[in-house]
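# A closer look at the structure
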Amino acid sequence: MSQPLSPASRSLPHYLPLFFVGGFLLSSAIDLLFWNKPFGLSYALWVALVLVVSLLLSLREGKALPLSTFALMLGVLLTAAAAVWRMEPGTRAYNVLASLGLLSLTCDTLLTGGALRFRLWDAFLRLFLLVFAAFERPIQAFIARGERKQNRPDTPPWRKQTAPYLRGVLIALPVLAIFSALLASADPIFEQLLRQFFAWLRIDDWAEFVFRAFYITLLGFLFSGLLLHAFSSARHHTPNTEKPLVKPFLGKIEAFTVLALIETLFLLFLIIQLRYFFGGHANINLEAYTYAEYARKGTNELIAVAVLSLFLFQLINTVTRTPEKKDRLVKHILLTVLIAQVLVILLSAYQRLSLYEGMYGFTHIRVRTYLFILWLSALLLLVVVSEWMGKSQRFFGLLVLISLGFVLSQAALNIDQYIVERNLARLSQDLPEGASRQFDHAYLPTLSHDSVPAMLAAVNSGQYDTLTTEMLRAELYCRQQALQDTFGEANLPWYSKDLPAWRAYFLLQFSDTPLDPASTVEGDDVRLSNRDIHYCNRYGWID
């Protein structure tokens, strides 16, 4: 007589063993692609494998995926590809985090879609519960597997009797491996017996073998849980995006007073600062400000004001009671004025940063701050539009889209190449009094190999003065030596190749331009004709 299945068993997919096969395939791929190997194409390949496994399981389960899920998958692929296409550490880190974040959203909403319709709190809660599900779902699957087998009258008795023993052996294997390693470390005779028993496996380092077996098993268990969760019909928390997150409790008078006072403060600040915001170099000299005080410090604080204002916008919108249409209209107007003032503040921040860049040139933080200001401005405009359309609860979706644009634009711009090109271009521009008029060769070693094509093109152009060309040749010489040491005799598998580093290696190896510096080579460094030393960073982070 069949027993009714538990709710957890009914919510799980049908072909449970395939999900464990997929989970352990992904964990084994991590060991194959990343153990003792550098970051390279392997990351994009692993991310693509995750998506392929998910699609194959959906076909086997007969589940149709919504278009919004495919849109998230496209975002995952784009950010993973950008992470391996660019080598600049910030660009790579942002794109890796973005691809993993989108992959988490895809896992949580694979069958239903709608991740971009979440509210901010719902998204954080769902991602937190995703970690819990990774541990919970495999246990539920084992229980469901047993319940389903008991309800199959055609299952041979011997399978019912032997299956528990097999499961027990599988569960015991990692525990036995850990205890065996500890006991072998405690007793050399026992270690020798183990080596003789497992000699056919040809394992040289048992500690490494046990560790790798352990993390492959653990990751396989967790990945299986995430795959099961993606195809499960039950969730611990299903947000209702049409229902307010909290019941509005703040009266309209209080909310409007808060907004009016803040906007008055902003207006006063903007009026007083007009002279300094848009007066440029003259005002700095007049008031004896340093550029660091005027630009860098001011830019950081103005951006902080903009970000805090955005969250204040969301808070006021969430907690304010506006039952009547005219009250909602007043709220829309006040919030729009707030965002308009914040946009002017961001324009001021952008202008301050451009003054600082005009004096000292571009760096990673300055270029990335430019991009952040532009994308934050776009987010503010979209928030205002959604407010007037009555879609203010879609803030999380807008935040995801703008964040995706921010990280992908860094890869599209190629920050390190942009820095080289713009810092060279400013040498021929009319610079303000006191600005640095010499190319900063000391900053070149901090750039990744994404910058090599721009430096090589500058040397080949012949349009820069002798000292600047000498600086570039010295840096290219240093990189050529470092890349030769790293890749000249390296026997890396194709999937571990770091594309920007290999691209730079081949450009320098087959360049028609002689890269031997005209200056003196002193050990690992180069002494320039003006007696400055160009220090060669050995670029160890490309290994």
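Not measured: the values here are computed from a predicted model. (Residues numbered from 1 in each chain as written. Predicted model: local features only at pLDDT ≥ 70, side-chain atom pairs only at ≥ 80, totals over all residues. Heavy atoms only, no water.)

### A look at the overall build of the chain
Scanning the chain from N- to C-terminus turns up 19 helices and 3 strands. Buried positions account for 45% of the 543 residues belonging to the chain. Expressed as a percentage of contacts within the chain between residues at least 6 apart in sequence, the contacts between residues at least 24 apart total 79%. Approximately 28,300 Å² of the chain is accessible, and the part contributed by carbon and sulfur atoms is 66%. (Helix = DSSP H or I, 4+ residues; strand = E, 2+ residues; numbered from the N terminus. Buried < 20%, exposed > 50% of the residue type's maximum accessible area, 1.4 Å probe, protein only. Contact = heavy atoms within 4.5 Å. Areas by Shrake-Rupley, 256 points an atom, 1.4 Å probe, with all protein chains shown as cover.)

### Here's the deal with the environment of Leu41
Its place among the elements puts Leu41 in helix α3 (residues 41–61). Distance in space between the C-alpha atoms of Leu41 and Val84 is 6.0 Å, their sequence separation being 43 residues. With residues up to four places along the chain from it excluded, the contact list for Leu41 reads Val84, Trp494, Tyr495, Lys497 and Leu499.

### Focus on the pattern of salt bridges
Summed over the entire model, instances satisfying the criterion amount to 7 salt bridges. Among the ionic pairs, Arg126 bridges to Asp108, the shortest N-O distance being 2.6 Å. One end of the pair, Arg126, is in helix α6 (residues 120–150); the other, Asp108, is in helix α5 (residues 89–108), with 18 residues separating them in the sequence. In terms of burial, Arg126 and Asp108 fall into one category: buried. Note that Asp450 is salt-bridged to Arg503, the shortest N-O span being 4.0 Å. Note that Asp450 is positioned in the loop between α16 (415–425) and α17 (452–461) and Arg503 in helix α19 (residues 499–509), a separation of 53 residues in sequence. (Salt bridge = Lys/Arg side-chain N within 4 Å of Asp/Glu carboxyl O.)

### A word on α3
The end-to-end C-alpha distance of α3 is 30 Å, a good match for the 30 Å that 21 residues give at a rise of 1.5 Å each. Of the residues one or two after α3, Gly62 is the one with positive phi, at around 70 degrees. (Expected span 1.5 Å × (residues − 1).)

### Points about the packing of aromatic side chains
Inspection of the entire model under this criterion finds 15 aromatic pairs. It is Lys497 that lies over the ring of Trp502; its NZ or CZ is 4.9 Å from the centre. Arg503 extends its terminal NZ or CZ atom over the ring of Trp85, reaching a point 4.7 Å from the ring centre. (Phe/Tyr/Trp six-rings, centres within 6.5 Å; stacked < 30°, edge-to-face > 60°. Lys NZ or Arg CZ within 6 Å of the ring centre and 35° of its normal.)

### Description of the nonpolar core
Counting residues in hydrophobic clusters, the biggest one holds 47 residues, and the most contacted among them are Leu26, Tyr43, Trp46, Leu102 and Leu105. Mapped by element, the contributors of at least two residues to this core are α2 (16–34), α3, α4 (67–85), α5, α6, α9 (206–230) and α15 (395–413). Grouped together as the second largest cluster of nonpolar side chains are 29 residues, Phe256, Leu259, Leu270 and Ala306 included. (Core = buried A, V, L, I, M, F, W, Y, C linked by side-chain atoms within 4.5 Å.)

### Section: unusual backbone geometry
Notably, Asn36 is not glycine yet its phi reads approximately 55 degrees, a positive angle. On the secondary structure map, Asn36 appears in the loop between α2 and α3. Assessed through its relative accessible area of 67%, Asn36 is described here as exposed.

### Let's talk about helix α14 (residues 364–388)
Side chains three or four residues apart in an α-helix point the same way, a direct result of the helix having 3.6 residues per turn. Over its 25 residues, α14 runs 37 Å from end to end, which matches the ideal 36 Å to within 8%, given 1.5 Å per residue. Downstream of α14 by one or two residues, Gly390 has phi in the positive range, about 75 degrees.

### Things to note about the side chain of Ser232
Tracing the backbone through its elements, the reader meets Ser232 in the loop between α9 and α10 (252–278). Within the structure, the side chain of Ser232 is placed 3.5 Å from the side chain of Arg137, a separation counted as a polar contact. (Polar contact = N/O pair within 3.5 Å; in protein donor to acceptor, adjacent residues only side chain to side chain.)

The values are spatial; any link to function lies outside them.
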